[in-house]
Amino acid sequence: ESMEQAKVQRGCVIRSLLVMYILSGLLLMLLTVVVSRVEKEDMVAQIGIIVIYVFSCGMGGFIIGKWKKRQKFLWGLLVGFLYALTLFVVALAIQKGTMPSLPHILTAAAICIGSSMLGGMLS
């Protein structure tokens, strides 16, 4: 594999992650507006966050699958893993080094990785 191919692959991964982050950010802003106007805010927020993970990661997997055309499943897995890793690092930073609970970490990772892999397969 040449240096040029490696650079192109990194670029595809970075671009699809950027799409995932931007979608998540925009949808989270929309969710804050919705949550502020409904009853049972906690339940709506939890469901909304899961939907955002599924949609953002699915789109990221779909996009990278379209770009890569081969091994879409694995490329989706990669961007889903990187997205989940980012979530974990951000959670650590927000909680000042306190570990989030293992079930939350594993659930979020499974949702992100599974959605991205599915998006890659569907592309």
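(A) Structural detail: the overall build of the chain. When you go through the chain residue by residue, the secondary structure sums to four helices and zero strands. Listing the helices and strands of the chain from first to last along the sequence gives α-α-α-α. Each principal axis of the C-alpha atoms in the chain carries an extent, and together these give about 55 × 30 × 20 Å. A sequence separation of at least 24 residues applies to 75% of the contacts in the chain between residues at least 6 apart. Accessible surface, the chain as shown: approximately 8000 Å² in total, 72% of it carbon and sulfur.

(B) Layout of unusual backbone geometry. If you check the backbone angles, K40 has positive phi at about 55° while not being a glycine. Checked against the element boundaries, K40 lands in the loop between α1 (3-36) and α2 (41-68). Located in the positive-phi region is Q71, a residue other than glycine, with phi close to 55°. Here Q71 shows up in the loop between α2 and α3 (72-94). Assessed through its relative accessible area of 52%, Q71 is described here as exposed.

(C) Here's a closer look at the environment of K72. Relative to the assigned elements, K72 resides in helix α3. A relative accessible area of 22% means that K72 is categorised as partly exposed. K72 sits 56 residues away from S16 along the chain, and the two C-alpha atoms are 13 Å apart. Excluding anything up to four places from it in sequence, K72 contacts G65, G120, M121 and S123. Engagement of the side chain of K72 in a polar contact is seen with the backbone oxygen of S123, the distance being 2.8 Å.

(D) View of helix α4 (residues 102-122). Compared with an ideal rise of 1.5 Å per residue, which puts 21 residues at 30 Å, α4 spans 30 Å between its outermost C-alpha atoms and is within 8% of the ideal. When α4 is considered as a whole, its buried residues turn out to be A108, A109, I111, C112, S115, S116, M117, G119 and G120. On the buried face of α4, the contacting elements are α1, α2 and α3.

(E) Spatial organisation of the packing of α2 against α3. The interhelical angle for the contact between α2 and α3, taken along N-to-C directions, is 140°, at an axis separation of 8 Å. Judged by the angle between their axes, α2 and α3 are oblique. The crossing of α2 and α3 is right-handed. Where α2 approaches α3, its residues Y53, S56, C57, G60, G61, I64, G65 and K68 are matched on the opposing element by K72, W75, G76, V79, Y83 and L87. Of the residues that constitute the contact of α2 with α3, the class distribution is seven nonpolar, five polar and two charged.

What counts, and where the lines are drawn
Residues numbered from 1 in each chain as written. Predicted model: local features only at pLDDT ≥ 70, side-chain atom pairs only at ≥ 80, totals over all residues. Heavy atoms only, no water. Helix = DSSP H or I, 4+ residues; strand = E, 2+ residues; numbered from the N terminus. Contact = heavy atoms within 4.5 Å. Areas by Shrake-Rupley, 256 points an atom, 1.4 Å probe, with all protein chains shown as cover. Buried < 20%, exposed > 50% of the residue type's maximum accessible area, 1.4 Å probe, protein only. Polar contact = N/O pair within 3.5 Å; in protein donor to acceptor, adjacent residues only side chain to side chain. Expected span 1.5 Å × (residues − 1). Axes fitted to C-alpha atoms, helices over the stretch in contact; angles between N-to-C directions. Parallel < 35°, antiparallel > 145°, perpendicular 65-115°, else oblique. Left-handed = near helix turned anticlockwise from the far one by under 90°. Nonpolar A, V, L, I, M, F, W, Y, C, P; charged D, E, K, R; others polar.

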